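# Structural overview for review
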Amino acid sequence: PIEKHMETAEQIKEVVRQKYGAIAEQPTVGPADANGCCGPTSCCGPSSPGPGTVASVPIDMTVGYDELNGYVAEADLGLGCGLPTQFAQIKPGDTVVDLGSGAGNDCFVARAETGETGRVIGLDMTPAMIDRARKNTKTLGFTNVEFVYGDIEDMPLPSNLADVVVSNCVMNLVPDKQKAVAETFRILKPGGHFSISDIVLKGELPAGLQQDAELYVGCVSGAIQKSDYLQLIQENGFTNITVQKEREISLPDDVLKNYLTADEIAAYRQQDKGIYSVTVFAQKPEEATKAACCPPGCCN
């Protein structure tokens, strides 16, 4: 059973693995039926809610992947909250890393941009997702797309690897975001950049929403303040930080009533707070080459 209130990073990761492992084993959802990063079997799924779970009302975060080149319906599990590959400025021949690659949706879109001469690597910590992504890749016959099992906080990837990093509604699920951002900086080439779609907050959410394990997997309770999110990126050495897209995610009353009274819902609606989907761009400076170098002579 999944604990309702999680305390440790390992508990959080285990919940994420369980939920996303279950999603990976479900039939393809596709854009028409997706519930955003809630997914088909998580907090906003089609079944009736049990005690302490969120009502079966989808949070509208569906995005238009089917309009992008390289879109593969079988790889679309409806888990995104944005279109990072649309804003990622991927060029032919680029090496692209997708963090939290799931069934491979963003990787296949990225592959359409980087072409035959490029390389696309998906990283995911859920074995069932890796298996599904690899099956999709084999079916498509792609030889320059690969999937690696690993943790975003400690990536099994070499430094200065990627021209571009993308991620879609995943960083909010990572317990140690400081490590995740630092690792993203490490694997990027100097001058490389990322485009990441994520869920952020403006103002504090009620405690019940933040602590519930099911909603955490639905990408909301793991989110941090937008200002803190951008500051974390800056503190890790990134420059040219830009919010490429932002839109509010409206939680319906049928979801909020599982955590709040009617009066609390009314107060929540009136305050300057909310949940937002953002796509953020940031660049690793060119001069990071020397800063990352070991003793004299190693960069020759």
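A few points on the structure. (Residues numbered from 1 in each chain as written. Predicted model: local features only at pLDDT ≥ 70, side-chain atom pairs only at ≥ 80, totals over all residues. Heavy atoms only, no water.)

## So, the packing of aromatic side chains
Per the stated rule, a full pass over the model turns up four aromatic pairs. For the ring pair Phe-108 and Phe-142, a centre distance of 5.9 Å and an interplane angle of 55° mean the geometry is tilted. With a gap of 34 residues between them, Phe-108 in helix α3 (residues 105–114) and Phe-142 in the loop between α4 (127–140) and β3 (145–149) connect regions that are remote in the sequence. The class for Phe-108 is buried, based on a relative accessible area of 1%. Between Phe-108 and Phe-147 the ring centres are 6.2 Å apart and the planes differ by 75°, which places this aromatic pair in the edge-to-face class. Here Phe-108, found in helix α3, pairs with Phe-147, found in strand β3; they are 39 residues apart in sequence, far enough to count as distant. The burial state of Phe-108 is the same as that of Phe-147; both residues are buried. Three or more aromatic residues joined by ring pairs make a cluster, and in this case those are Phe-108, Phe-142 and Phe-147. Sitting over the face of the ring of Tyr-276, Lys-202 holds its NZ or CZ atom 4.3 Å from the ring centroid. One residue, Lys-284, lies across the ring of Phe-185, its end atom 4.9 Å from the ring centre. (Phe/Tyr/Trp six-rings, centres within 6.5 Å; stacked < 30°, edge-to-face > 60°. Helix = DSSP H or I, 4+ residues; strand = E, 2+ residues; numbered from the N terminus. Buried < 20%, exposed > 50% of the residue type's maximum accessible area, 1.4 Å probe, protein only. Lys NZ or Arg CZ within 6 Å of the ring centre and 35° of its normal.)

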